[in-house]
Amino acid sequence: MLTKPQAIQNLDDIIKKVEFARLQVSPHKIVQIVGVSKYNTTDDVKSLYNAGQRAFGENKVQDLKQKQEILEDLPISWHFIGTLQKNKINNLIDLNPVLCHSLDSLDLAQELDKKLKAKNKTMNCLLQINSAYEDTKSGVSPKNAVEVYKTINEKYKNILLKGVMSIGANSKNQEVIKESFITTKNIFDKCDGATICSMGMSGDFELAIFCGSNMIRVGSGLFKQ
Ligand SMILES: *Cc1c(COP(=O)(O)O)cnc(C)c1O
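Below, the structure is looked at part by part. (Residues numbered from 1 in each chain as written. Predicted model: local features only at pLDDT ≥ 70, side-chain atom pairs only at ≥ 80, totals over all residues. Heavy atoms only, no water.)

## Looking at the side chain of Gln-128
Tracing the backbone through its elements, the reader meets Gln-128 in strand E5 (residues 123–128). For Gln-128, a relative accessible area of 5% gives the class buried. Residue contacts for Gln-128: discarding those within four places in its chain leaves His-101, Ser-102, Leu-103, Asp-104, Ser-138, Gly-139, Val-140, Met-165 and Ile-167. (Helix = DSSP H or I, 4+ residues; strand = E, 2+ residues; numbered from the N terminus. Buried < 20%, exposed > 50% of the residue type's maximum accessible area, 1.4 Å probe, protein only. Contact = heavy atoms within 4.5 Å.)

Set out below in structure tokens:
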């Protein structure tokens with residue numbers, strides 16, 4: 001279990017690193033931290049909540065539902081960060097996530113929009129981009145990402161696109177990871193109205209911030225025991 005002192009220590013360590021990184025980019029730059037709780041218990045989430053963390057993310061609709069229910073008394077902002085299966089769309093809509101990071105195709109956008117309309121609801125989303133060109137990763141190809149972004153904005157009015165998301169390249173080579181982040185940042189800059197650039201995880205969030213990320217998704221680093 002994640003004890004309160006350990007939670008405070010972890011959060012403090014991450015915030016210090018985020019501060020150091022963002023100040024090198026610009027004093028005006030704000031970086032939001034989403035705690036990824038997918039491998040952890042609700043008690044661990046509570047420990048981090050008590051340390052001051054308010055935004056958490058899950059990658060499975062069922063897990064998000066379960067954690068939300070158990071922690072319903074806490075004013076947590078819940079993010080959805082995992083691959084969304086079409087048969088789970090309605091369930092996700094009912095959970096009212098503050099942001100879905102993982103809209104990863106036009107096809108999914110069409111289906112999500114249709115189901116949102118039927119429920120007379122909207123959802124804040126990020127377009128996931130496969131900037132590392134890895135078969136194991138979801139996301140639209142960088143080549144047509146700007147166009148897909150524009151199409152979703154124009155056609156699917158119940159999806160409120162807020163920006164883009166990427167998972168850094170799965171590589172030990174910092175230059176390769178950096179390149180994948182820069183690819184996403186360049187797309188972000190070309191998307192009208194985009195305000196959120198979600199990239200960076202425990203192992204690479206400082207590099208992501210240097211490359212322009214303003215939202216990081218941190219799991220193991222925040223929850224380490
Ligand atoms: C698991 C996960 C994270 C967090 O990963 P860590 O390396 O534990 O920080 C971030 N983003 C996504 C999409 C994830 O699935």
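## Some thoughts on the pattern of salt bridges
Under the criterion given, the structure shown has 11 salt bridges. In this structure, Glu-69 and Lys-65 form a salt bridge, with 3.3 Å as the shortest nitrogen-oxygen distance. In this pair, Glu-69 and Lys-65 are both assigned in helix H3 (residues 61–70), 4 residues apart and thus about one turn of the helix distant. Of the residues examined, Glu-69 reaches a relative accessible area of 46% and is grouped as partly exposed. (Salt bridge = Lys/Arg side-chain N within 4 Å of Asp/Glu carboxyl O.)

## Section: the site of the ligand
Surveying the vicinity of the ligand reveals the residues Val-36, Lys-38, Ile-81, Ile-167, Met-201, Ser-202, Arg-217, Val-218, Gly-219 and Ser-220. Measuring from an oxygen atom of the ligand, one finds a side-chain N or O atom of Lys-38 at 2.6 Å. Relative to its unbound accessible area of 390 Å², the ligand is 84% covered by the protein chains. (Near = heavy atom within 4 Å. Polar contact = N/O pair within 3.5 Å; in protein donor to acceptor, adjacent residues only side chain to side chain. Areas by Shrake-Rupley, 256 points an atom, 1.4 Å probe, with all protein chains shown as cover.)

## Remarks on the nonpolar core
Across soluble globular proteins, nonpolar side chains show a tendency to be buried alongside one another. Judged by nonpolar contacts, the single largest core of 59 residues is most densely connected at Leu-103, Leu-112, Ile-152 and Ile-159. With 5 residues, helix H1 (residues 4–25) is the largest single contributor of residues to this core. Among the nonpolar cores identified, the runner-up in size contains 7 residues, and Ala-55, Met-165, Ile-196 and Met-215 belong to it. (Core = buried A, V, L, I, M, F, W, Y, C linked by side-chain atoms within 4.5 Å.)

## Focus: the packing of helix H5 (residues 106–118) against helix H6 (residues 145–155)
Two elements in contact, H5 and H6, have axes separated by 11 Å at closest approach and are oriented at 15°. It follows that H5 is roughly parallel to H6 by the angle criterion. Where H5 crosses over H6, the handedness of that crossing is right-handed. Where H5 abuts H6, its residues Leu-106, Ala-109 and Asp-113 lie against Val-148, Thr-151, Ile-152 and Lys-155. Residues of the contact of H5 with H6, tallied by class, amount to 4 nonpolar, 1 polar and 2 charged. (Axes fitted to C-alpha atoms, helices over the stretch in contact; angles between N-to-C directions. Parallel < 35°, antiparallel > 145°, perpendicular 65-115°, else oblique. Left-handed = near helix turned anticlockwise from the far one by under 90°. Nonpolar A, V, L, I, M, F, W, Y, C, P; charged D, E, K, R; others polar.)

## Some details on H6
Residues separated by three or four positions in an α-helix point in the same direction, a consequence of the helix having 3.6 residues per turn. Those residues of H6 that fall on the buried side of the exposure criterion are Ala-145, Val-148, Tyr-149 and Ile-152. Buried residues in H6, looked at end-on, bunch into an arc of 105°, giving them a common side. Exposed residues on H6 whose side chains face more than 90 degrees from its buried face are Glu-147, Lys-150, Glu-154 and Lys-155. Lining the buried residues of H6 we find strand E4 (99–103), H5, E5, strand E6 (159–166) and helix H7 (174–190). (Arc of directions from axis to C-beta.)

## Description of H5
When the terminal C-alpha atoms of H5 are compared, their 18 Å separation across 13 residues agrees well with the 18 Å that a helix rising 1.5 Å per residue should span. Within the span of H5, buried status applies to Leu-108, Ala-109, Glu-111, Leu-112, Asp-113 and Leu-116. Where the residues of H5 are buried, they touch helix H4 (89–94), E4, E5, H6 and E6. Backbone geometry just after H5 places Asn-120 at a positive phi near 55°. (Expected span 1.5 Å × (residues − 1).)

## A closer look at the environment of Ala-109
Assignment of secondary structure puts Ala-109 in helix H5. Measuring from C-alpha to C-alpha, the distance between Ala-109 and Ala-208 comes to 26 Å, with 99 residues separating the pair along the chain. Once you skip the residues sitting within four places of it in the chain, Ala-109 turns out to touch Leu-103, Ile-152, Tyr-156 and Ile-159.

## Section: the packing of H1 against helix H2 (residues 42–51)
It is at 8 Å that the axes of H1 and H2 come closest, and there the two elements cross at 60°. Considering the relative orientation of H1 and H2, their crossing is right-handed. In contact with Lys-4, Ala-7, Ile-8 and Leu-11 of H1, H2 contributes Ser-47, Leu-48, Asn-50 and Ala-51. Taken together, the residues that form the contact of H1 with H2 break down as 5 nonpolar, 2 polar and 1 charged.

Any functional reading would require information that these geometric values do not contain.
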